Amino acid sequence: MSDSNGHFGVYGGQFVPETLMVALGELEQAYEQAAADPAFHEELNYYLQQYSGRPTPLYLAKRLTEHLGGAAIYLKREDLNHTGAHKINNTLGQALLARRMGKKRIIAETGAGQHGVATATVAAMFGLACEIYMGEEDVRRQELNVFRMRLLGAEVKPVSSGSKTLKDATNEALRDWVTNVKSTYYIIGSVVGPHPYPTMVRNFQSVIGKETMEQLPNLPDWVIACVGGGSNAMGIFHAFVPHPEVRLVGVEAAGEGLSTNKHAAALTMGTRGVLHGSLSYILHDEDGQILPAHSVSAGLDYPGVGPEHSCLKDSGRAQYTTVTDDEALEAFCSLCHLEGIIPALESAHALAYAMKLAPRRPKDETIVVCLSGRGDKDVQQVADILASNRSRRESH
Amino acid sequence: MSRLQKVFASDRKALIPFIVAGDPNLDATAALITELAHRGADIIELGVPFSDPVANGPIVQESCLRALAAGTDSNKVLAMVANLRNEGGITTPIVLFIYYNCLYRRGCRSFVEKATAAGVNGLMVPDLPFEEAVELHQACQDSGMDLIYTAASTSTPQRLRRIAELTTAFIYCVPLAGVNDELTAFIERLRTTNKPLTMGFDRSEPEQAIRLASLVDGVIVENALVQMIHDSPEPVQAAGDFVHSLRKALDTKV
Ligand SMILES: Cc1ncc(COP(=O)(O)O)c(C=O)c1O
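Residues numbered from 1 in each chain as written. Chains lettered and ligands numbered in written order. Predicted model: local features only at pLDDT ≥ 70, side-chain atom pairs only at ≥ 80, totals over all residues. Heavy atoms only, no water.

A. Quick look at the site of the ligand. Residue and element names in this part refer to chain A. Taken together, 18 residues lie near the ligand, and Ser190, Gly228, Gly230, Ser231 and Ser372 sit nearest. In the model, an oxygen atom of the ligand is placed 3.1 Å from a nitrogen or oxygen of the Lys87 side chain. The backbone of Gly229 places a nitrogen or oxygen atom 3.2 Å from an oxygen atom of the ligand. For the ligand, whose unbound accessible area comes to 390 Å², protein coverage reaches 97%. In terms of residue class, the shell around the ligand is built from five nonpolar, eleven polar and two charged. (Near = heavy atom within 4 Å. Polar contact = N/O pair within 3.5 Å; in protein donor to acceptor, adjacent residues only side chain to side chain. Areas by Shrake-Rupley, 256 points an atom, 1.4 Å probe, with all protein chains shown as cover. Nonpolar A, V, L, I, M, F, W, Y, C, P; charged D, E, K, R; others polar.)

B. Representation of the environment of Leu357(A). Residues and elements named next belong to chain A. Looking at the secondary structure, you find Leu357 in helix α15 (residues 345-357). Its relative accessible area of 2% is what places Leu357 among the buried residues. Note: C-alpha distance between Leu357 and Leu68 (289 residues apart in sequence) is 9.3 Å. Aside from chain neighbours lying at most four places away, what touches Leu357 is Trp222, Ile224 and Ile367. (Helix = DSSP H or I, 4+ residues; strand = E, 2+ residues; numbered from the N terminus. Buried < 20%, exposed > 50% of the residue type's maximum accessible area, 1.4 Å probe, protein only. Contact = heavy atoms within 4.5 Å.)

C. Geometry of the pattern of salt bridges. Counted under the stated rule, the structure contains 36 salt bridges over all chains. With its nearest N and O atoms 3.0 Å apart, the salt bridge here joins Lys157(A) to Glu131(A). Linking Lys157(A) in strand β7 (residues 155-159) with Glu131(A) in strand β6 (residues 129-135), this pair joins segments that are 26 residues apart in sequence. Between Asp251(B) and Arg12(B) there is a salt bridge; the shortest N-O distance is 3.8 Å. With a gap of 239 residues between them, Asp251(B) in helix α12 (residues 235-253) and Arg12(B) in the loop between α1 (3-9) and β1 (14-20) connect regions that are remote in the sequence. Relative accessible area serves as the criterion here: at 38%, Asp251(B) is assigned to the partly exposed category. (Salt bridge = Lys/Arg side-chain N within 4 Å of Asp/Glu carboxyl O.)

D. A look at the sheet that holds β1(B). Residue and element names in this part refer to chain B. Taking strand neighbours around the barrel as the criterion, the eight strands line up as β1-β2-β3-β4-β5-β6-β7-β8 in a closed arrangement whose pairing is parallel. Each adjacent strand pair in this sheet contributes to an overall mean axis angle of 30°, direction not counted. Pairing geometry for strand β6 (residues 171-174) and strand β7 (residues 197-201), over three bridges, is parallel. If you follow Cys173 over to β7, its bridge partner there is Met199. Along the sheet, helix α2 (residues 26-38) makes contact with β1 and β2 (44-47), crossing β1 at roughly 170°. (Pairing = 2+ DSSP bridges. Axes fitted to C-alpha atoms, helices over the stretch in contact; angles between N-to-C directions.)

E. Representation of the interface of chain B and chain A within the structure. With 39 residues of chain B in contact, the opposing surface of chain A contributes 35 residues. Taking both partners together, chain B and chain A bury about 3,000 Å²; carbon and sulfur atoms supply 52% of that area. Contact with chain A buries area across many residues of chain B, yet Val54(B), Arg105(B) and Glu132(B) alone supply 21% of it, more than any other trio. Applying the counting rule to chain B against chain A returns three salt bridges. Note that Asp287(A) and Arg106(B) form a salt bridge whose closest N and O atoms lie 2.8 Å from each other. Our count for the chain B to chain A interface comes out at 22 residue pairs in polar contact (both at pLDDT 80 or more). Of all the secondary-structure elements, those providing two or more residues to the side of chain B that touches chain A are α3 (58-69), α5 (100-106), β5 (146-152) and α8 (157-166) of chain B. Ranked by residue count, the leading element in the side of chain B that touches chain A is α5(B), at six residues. (Buried area = accessible area lost by both parts, 1.4 Å probe.)

F. Up close: the packing of aromatic side chains. Applying the stated criterion across every chain, the model contains 14 aromatic pairs over all chains. For the ring pair Phe15(A) and Tyr100(B), a centre distance of 5.4 Å and an interplane angle of 15° mean the geometry is stacked. Placement of Phe15(A) in the loop between β2 (11-12) and α1 (18-35) and of Tyr100(B) in helix α5 is noted, with the two residues assigned to different chains. Neither Phe15(A) nor Tyr100(B) differs from the other in exposure class; each is buried. With a centroid separation of 5.8 Å and 85° between ring planes, the pair formed by Phe97(B) and Tyr99(B) is classed as edge-to-face. The class of Phe97(B) is buried, set by a relative accessible area of 8%. (Phe/Tyr/Trp six-rings, centres within 6.5 Å; stacked < 30°, edge-to-face > 60°.)

Just geometry here; none of it tells us what the structure is for.
Spelled out as structure tokens, the structure:
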């Protein structure tokens, strides 16, 4: 899928300071050895099943399907993982790898806080020291997850530079790694960053698609996932990529609208560039300055995207579309009412697109939506938004 | 021999102040370069501001953000350099420190050609290891632009050899913080390559520069200078005096 320096077509690669090159080489080697070792997979599977609760169900959303009157919608319930999102599939894998490599200190970046929580969780379980970088803006937006991480024994380090969100947290984590490269393992939270991360994280997440395939009697017609950095999407897409009859759709955040510049649609609106160690579609101006992203959902609020998605976009194997903040909120509420499931705002983006698609497709088609996480972390924010929308309507 | 190579052909230790272009604005930067050139700098390392400078610490990042807020972009930086060359009579070699995305976005080859025409002598790209530098290396070679590669104390001997082969004027050496024995060993490994070596220093005491200069051929003055320019009410004077004091220390002690 990628060459020896981790290129997906022209994308990917290792655009990092020389200081990190040897560490990336060591990581690649350790990962390849682990990936070839049945004992590693056995141990990882043990934790995925006994600790995180895999396999996650594939649930036919019956009332939602009937309500929309078209294709059948299945939800891949990653929200039912321990810690409430798909992120733990990756952190379990990488923490086991860190342990194999003899690293005692773990760092991570986080946006919504889901990856931070998933990292702090496995660090606690494996007895590793853990520091999490998080943008100040996200610290404010995701108070509950900050408290969770602290409860789990991690140190949360607020990042006050730049846009104070995920991109800046990633900068800070990279700086930490440059300085402490010998003692420290950096758990990147998505299919981004320099090689081998995009491949490694995708492989750890690919359990989502493999299970989905086993859980359905036939191949689905559509597989839909939200795209922040792109890890839940790559995770559910990967098994289906060799089956061209399955249409793969990644949903980016259109924020307040693609014409407003307040969006996070790197694949849809961006151009080729280098951010955080790899070449991919990114949001930047004509001088190459990275543009701030925006989304109601902190986990999608990132101006870049994993390089494999850029490759899938160019080849046409996957399609990428966008959903606005308002559409995602509506889907969020629909799923609560119709299915009794509170989805993460990130996942609500994938759901919103499925809800547009389903009524236009025949009843014998199946759509799988990756429900990447649960929405408990978002309820306060949604309550605030709904209240302010209501008061705006009333004042008109 | 390129202008940069000539600097290292002389006996004296090279003094290389680093400043961020456009902080607080490009007119001030032009005045600073002029002053530094007259007060003993052998090479000016000019940082092109970038929104996400991961290879630098907070001091340079803040400086970059101020420069961007003042409307600086890479085209304007090149225009300023061209003006210093054409009108200002400044002949001191200039190395641009530029993150890869700024260069990539303008087009590698086209940027290198424009920079050469403006009077830039070398490029240093902190987030571009040699594996990814093939296109840029060729473009630099075609334009007669020096491309300076970084060696890290973590680099393997094979990597160090390759870096020394590729770099055209000098090697920028990055030690891991705080480990002194390793620093000496690192420099000794690089000495076998016969390329001039430079290293950054972040303090403001001339003694520190002297100690460093006993190990390497050139000293790059980084954070201390950037911070001084931001803090001082008379930045041009302060920066000039500082660099002059380092010049004197290097010339007498080394
Ligand atoms: C529930 C959930 N879904 C999706 C994402 C986006 O990440 P990715 O695109 O890597 O799956 C996040 C990120 O925080 C998340 O918490």
